[in-house]
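# Structural overview
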Amino acid sequence: IDATGTGDITESGELWAYSMDTHCACTPAIANGLAFITDCRGVVHCVDADTGAPYWTHELSDEIWASTLVADGKVYAVSRGRDFCVFAAAKEKQVLAEIKLPQRTASTPVAANGVLYVATMDRLYAIQESGGQ
């Protein structure tokens with residue numbers, strides 16, 4: 001949507017659209033000219049933030065209710081099926097890690113002060129890089 005428009009821009013304000021098979025319950029994360037968004041079917045989408053052109057998708061095992069997080073050049077996504085996936089924030093799909101969490105989650109990961117926080121239904125995990133790993 002072109003946010004510089006005034007009045008009713010319902011028709012004239014659309015810059016681009018990207019069609020998904022189902023609805024989503026999250027907000028996109030934008031980095032490096034790319035938009036990363038999840039849908040409720042369990043798919044992570046990467047599209048061009050300026051044109052909406054698709055680059056890649058990746059299916060997780062269950063619904064996704066959480067938004068993606070982009071931090072440190074990586075995209076973090078979680079599903080209600082206990083998936084925790086890390087991708088490179090890039091046009092080409094690069095899966096850096098796929099982890100099965102012990103519990104379900106519907107919460108967006110959060111990064112603060114060099115620590116990544118991932119909340120499940122009954123635990124909060126703090127993940128910090130150690131020794132270059």
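Here, the structure is the one placed above.
To start, this report covers the structure provided alongside it. (Residues numbered from 1 in each chain as written. Predicted model: local features only at pLDDT ≥ 70, side-chain atom pairs only at ≥ 80, totals over all residues. Heavy atoms only, no water.)

## So, the sheet that holds strand β5 (residues 69–71)
The test is simple: A strand pair is defined by DSSP finding two or more bridges across the two strands. The numbering of helices and of strands both runs from the N terminus, where a helix is a DSSP run of H or I of at least 4 residues and a strand a run of E of at least 2. A fitted line through C-alpha atoms represents every axis, and for helices the fit uses only the stretch in contact; the resulting angles, taken between N-to-C directions, go from 0 to 180 degrees.
Across the sheet, which stays open at both edges, the 4 strands sit in the order β5-β6-β7-β8 with antiparallel pairing between neighbours. The strands lining the two open edges of the sheet, one partner per strand, are β5 and β8 (95–100). Averaged over all pairs of adjacent strands, the angle between their axes in this sheet comes to 20°, without regard to strand direction. As paired strands, β5 and strand β6 (residues 74–78) are joined by 3 bridges and run antiparallel to one another.

## Description of the pattern of salt bridges
The line we're drawing: Salt-bridge detection follows one rule: a side-chain nitrogen of Lys or Arg within 4 Å of a carboxyl oxygen of Asp or Glu. Note on classification: 1.4 Å probe, protein chains only; a residue is buried when its accessible area is under 20% of the maximum for its type, exposed when over 50%, partly exposed between these limits.
The final tally for this structure, using the stated rule, is 5 salt bridges. Between lysine 74 and aspartate 72 there is a salt bridge, with the nearest N and O atoms lying 3.2 Å from each other. We classify lysine 74 as partly exposed; its relative accessible area is 25%. What makes aspartate 72 exposed here is its relative accessible area of 61%. One salt bridge connects arginine 123 with aspartate 122, and the closest N-O pair in it is separated by 3.8 Å. In this structure arginine 123 comes out as partly exposed when scored by relative accessible area, which is 46%.

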